[in-house]
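# Residue-level structural notes
As a plain string of letters, each chain reads:
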Protein chains: 2
Amino acid sequence: MQIRKANVLEVRVLSDIMKRSLGAKTLLFPTPVMVVGTFDMDGKPNVMTAAWGGICCSDPPSLAVSIRRSRLTYQNLVAKGDFTVSIPSERYVAEVDYFGIAGGRNEDKFHGSGLTAAKAEHVDAPFVKEFPMHLECRVRHMLDLGQHTQFIGEIMDVKVDSDLVDDGIIDVARLQPFWYAPGTSEYFGTGENLGRGFTIGKKLSKK
Amino acid sequence: MQIRKANVLEVRVLSDIMKRSLGAKTLLFPTPVMVVGTFDMDGKPNVMTAAWGGICCSDPPSLAVSIRRSRLTYQNLVAKGDFTVSIPSERYVAEVDYFGIAGGRNEDKFHGSGLTAAKAEHVDAPFVKEFPMHLECRVRHMLDLGQHTQFIGEIMDVKVDSDLVDDGIIDVARLQPFWYAPGTSEYFGTGENLGRGFTIGKKLSKK
């Protein structure tokens, strides 16, 4: 208890010395680069890039993604309830950025990017064939949070390029996922492998 | 319409040739490394590492993090409603892993790691003083999803080490955030800057 009290510093001192307040902003590093694939009611495939989201439950395996109401993807998700999340590798950074800029109501983004829509196996939604990995999801919850609505999808299956999988293990370094830094809107690649979780921290544990 | 139909391939063909199904798993790259700080009812600070979560709304600026009911952090979040998310830099990968392995009921993780708890300015929660950045959050929604409960916090402020900020812009490459790859449980550092969002994709857009 004495240790605890000695450890807790007053933030006033800290912020004067070394921490700068940037205000109430959506800054988190990393955020994922999720290419959300949906069909509209006529079966036309669309994709948009989203960075607001992530895994949200282990069982049932679930993923959250937040979308603005103005987006075609929002309309498709509400109408159909099925989606995919395709994970691109670094070489596709320009196409991914385009998927975030362009509006699916105004242009066919598969046509514009030269990439290919393929139908998922377990859900009625398209994924990007050229990307190394995709998740097949079904909407289970919708939560209106303000500017964004959060869709929580149960992950029905994950598919990965065969040559990146050995014994059921994905070679993440070769898959080359990349991430998005809000604020400066920069994309960053995959860096050095820093070690294995639930392992490198054991030396600090009492047990 | 003709273009669309030609683009949509049958997944059966694809999966035979090049895509391997890994089943319904929580695989997404990257997932963030979020060190969640809370006080218990006696004011004792605790931290745990979470990878299930991310930004979920731009306005009000909000962040989601999913926690199991068995965790001390869950109990603290329900009781107090305030938390921080500290973002570590690469050099702290072992401490971060330890924060995920150890249980806050059994050991004082600040003491075990040698790192320092400091009280946040806008919420009643501790952050990790040595880490370059933290978000100060207040719980607005709680959603029981199964094995995990999702806590959605409004971001009240973000603070970053002064020497990493110039004109309100964070130097992400120098901050050196890292990320977590589920499945293999590997940590990866920050790679190459691949370009600026809402910019490098413009060449593909019709407008």
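The present account deals with the structure reproduced in this document. From a predicted model like this one, the values you see are computed outputs, not experimental measurements.

### Side note on the overall build of chain A
Counting its regular elements, chain A contains six helices and 15 strands. Structurally, chain A occupies a C-alpha span of about 65 × 45 × 30 Å along its principal axes. A buried classification covers 50% of the 207 residues belonging to chain A. Taking the intrachain contacts of chain A between residues at least 6 apart in sequence as the baseline, contacts between residues at least 24 apart amount to 60%.

### Regarding the interface of chain A and chain B
Counting residues at the interface gives 115 residues for chain A and 115 residues for chain B. Residue composition of the side of chain A that touches chain B, grouped by class: 57 nonpolar, 34 polar and 24 charged. Pairing of strand S11 (residues 148-161) of chain A with strand S1 (residues 19-23) of chain B involves four bridges; the strand directions are antiparallel. The residue bridging Lys159(A) from the neighbouring strand is Ser21(B), located in S1(B).

### A few points about the nonpolar core
Most often, soluble globular proteins have nonpolar side chains that are buried together. Leu63(A) and Leu63(B) are the most contacted members of the largest nonpolar core, which has 118 residues in total. In this view, Leu63(A) contacts Gly53(A), Ile55(A), Cys56(A), Val85(A), Leu135(A), Cys137(A), Gly153(A), Ile155(A) and Leu28(B); residues no more than four positions away in its chain are not counted.

### Re the relation of the copies chain A and chain B
Note on the chain copies: they are related by a rotation about an axis and a translation along it. Under the fitted operation, chain A is carried onto chain B by 0.0 Å of movement along the axis and a turn of 180 degrees, and the coordinates agree to an RMSD of 0.0 Å. Such values leave the two copies arranged in the relation of a two-fold axis. The rotation axis passes nearest to the C-alpha of Gly191(A) in chain A, at a distance of 1.9 Å. Here 100% of the contact residues of chain A are again contact residues in chain B; the copies associate through an equivalent surface.

### A word on the pairing of strand S6 (residues 62-68) of chain A
Residue and element names in this part refer to chain A. When you tally the buried positions in S6, you get six out of seven residues, the bulk of the element. Where strand S5 (residues 53-57) meets S6, four bridges bridge the pair, whose relative direction is antiparallel. Within S6, the residue paired with Cys 57 across the bridge is Ser 62. The antiparallel pairing of S5 with S6 creates a hairpin that spans four residues between the two strands. Both S6 and S11 contribute to a ladder of seven bridges, which runs antiparallel. If you follow Ala 64 over to S11, its bridge partner there is Ile 152.

### Points about helix H3 (residues 72-80) of chain B
Residue and element names in this part refer to chain B. When we look at burial in H3, the residues that qualify are Thr 73, Asn 76 and Leu 77. Here the buried residues of H3 occupy an arc of 100 degrees about the axis, which is enough to place them on one side. Tucked into the core, H3 has its buried residues touching strand S3 (34-39), strand S4 (45-50), strand S6 (62-68), strand S7 (82-87), strand S10 (133-144) and strand S11 (148-161). Gly 81 sits one or two positions beyond H3 and adopts a positive phi of about 75 degrees.

Scoring rules and cut-offs
Residues numbered from 1 in each chain as written. Chains lettered and ligands numbered in written order. Predicted model: local features only at pLDDT ≥ 70, side-chain atom pairs only at ≥ 80, totals over all residues. Helix = DSSP H or I, 4+ residues; strand = E, 2+ residues; numbered from the N terminus. Buried ≥ 20, exposed ≤ 12 C-beta atoms within 10 Å, placed from the backbone. Contact = placed C-beta atoms within 7 Å. Nonpolar A, V, L, I, M, F, W, Y, C, P; charged D, E, K, R; others polar. Pairing = 2+ DSSP bridges. Core = buried A, V, L, I, M, F, W, Y, C linked by C-beta atoms within 7 Å. Least-squares fit on C-alpha atoms with pLDDT ≥ 70 in both. Arc of directions from axis to C-beta.

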